[in-house]
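Results of the structural survey
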Amino acid sequence: FFFLMIRRPPRSTQSRSSAASDVYKRQMQESPNYIEVNPPNVITFTHIPKKNSQSTVVLKNITLKKKAFKIKTTQPKSYLVKPNQGILDPGSMQSIDIYMQATDNATTGIIQDKFLIQAIDIDDSVDMNTLGEYWKLVEMRKEPQQSIKLKVQLETDQMGASQRQSNKGDVSYASSYKEFETTHQPEQSETVRQCWFERYNALWKCQ
């Protein structure tokens with residue numbers, strides 16, 4: 001009798017950690033690009049002992065459809081975010097005020113606190129009254145959503161003054177946009193608003 005030996009193909013040697021890494025990379029590649037955030041990576045707060053600190057983040061809907069956003073932090077008891085969620089019309093912007101509670105921590109530089117900004121696609125049936133439930137539905141269905149992580153940086157008041165002196169006339173986009181909102185009336189023409197964007201961000205030019 002003759003026995004036919006069939007050789008099995010070798011098993012995959014890919015480790016679980018490598019496979020998980022591939023899944024993460026694929027998810028990052030598939031992540032939608034709905035909004036732009038400024039500052040894009042780090043939120044800076046000026047530390048003044050026993051006083052609250054405030055910083056501003058600006059969100060921009062870069063698509064032709066409505067988007068919704070919400071903001072989370074790893075330390076919800078240390079920060080107040082206004083607003084912490086909302087709806088962005090196509091091409092519109094929203095300034096977000098973030099307040100850090102007073103702390104005796106004198107550490108400067110990047111700290112452990114982090115923020116997560118998420119954005120999803122919505123239609124006209126979703127409004128602020130139904131947005132909370134819609135977020136739950138999106139997460140249950142695992143629908144696409146954009147996730148942007150921001151680090152937190154602390155600087156002393158002296159560090160901030162020194163930085164401002166070294167960058168004469170160079171004002172951050174977020175703080176400048178906030179100043180624009182508080183000094184111009186809502187009924188001001190969209191043309192004026194877009195021209196302001198051109199001055200402070202070359203990517204968003206006035207046509």
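Note: the structure precedes this text.
Now for a quick tour of the structure. (Residues numbered from 1 in each chain as written. Predicted model: local features only at pLDDT ≥ 70, side-chain atom pairs only at ≥ 80, totals over all residues. Heavy atoms only, no water.)

Section: the pairing of strand β9 (residues 146-156)
Of the pairings in the sheet, the one linking strand β2 (residues 42-47) to β9 comprises 6 bridges and is parallel in character. When the sheet's bridge partners are listed, Phe 45 is paired in β9 with Leu 154. Sheet topology note: the strand β8 (residues 109-121)/β9 ladder contains 9 bridges and is antiparallel. Bridge pairing in β9 places Ile 117 opposite Ile 148. (Pairing = 2+ DSSP bridges. Helix = DSSP H or I, 4+ residues; strand = E, 2+ residues; numbered from the N terminus.)

Comments concerning the environment of Pro 83
When you line up the elements, Pro 83 lands in the loop between β5 (79-82) and β6 (85-88). When the C-alpha atoms of Pro 83 and Ile 96 are compared, they prove to be 6.1 Å apart, with 13 residues separating the residues in sequence. Ignoring anything within four residues of it in the chain, the contact list for Pro 83 reads Phe 69, Ile 71, Gln 94, Ser 95 and Ile 96. (Contact = heavy atoms within 4.5 Å.)

Examining the pattern of salt bridges
Any two side chains of opposite charge can pair if their charged atoms end up close together. One pass over the full model with this rule turns up 5 salt bridges. Its salt-bridge partner being Asp 124, residue Lys 66 comes within 3.7 Å of it at the nearest N-O pair. Taken as a pair, Lys 66 in the loop between β3 (53-61) and β4 (67-73) and Asp 124 in the loop between β8 and α2 (131-141) lie far apart in primary sequence, 58 residues in all. Look at Lys 66 and you get partly exposed, because its relative accessible area is 25%. Classification of Asp 124 by relative accessible area gives exposed; the value is 67%. The salt bridge involving Glu 143 is made with Arg 141; its shortest N-O contact spans 3.4 Å. By relative accessible area, Glu 143 is classed as partly exposed at 28%. (Salt bridge = Lys/Arg side-chain N within 4 Å of Asp/Glu carboxyl O. Buried < 20%, exposed > 50% of the residue type's maximum accessible area, 1.4 Å probe, protein only.)

Some thoughts on α2
Buried within α2 are the following residues: Leu 131, Tyr 134, Trp 135 and Val 138. Axial view of α2: buried residues confined to an arc of 105 degrees, hence all on one face. Residues of α2 that are exposed and point more than 90 degrees away from the buried face comprise Glu 133, Lys 136 and Met 140. The secondary structure elements touched by the buried residues of α2 are β4, β6 and β8. In the segment just after α2, Lys 142 is the residue with positive phi, at about 55 degrees. (Arc of directions from axis to C-beta.)

Description of unusual backbone geometry
Geometrically, the link from Asn 38 to Pro 39 is a cis peptide bond, its omega value of 5 degrees lying close to zero. Among the secondary structure elements, Pro 39 is positioned in the loop between β1 (35-38) and β2. Each neighbour pair has its own omega, and for Lys 82 with Pro 83 the value is -15 degrees, a cis peptide bond. Of note in this structure, Lys 50 is not a glycine but carries a positive phi near 65 degrees. Relative to the elements of secondary structure, Lys 50 occurs in the loop between β2 and β3.

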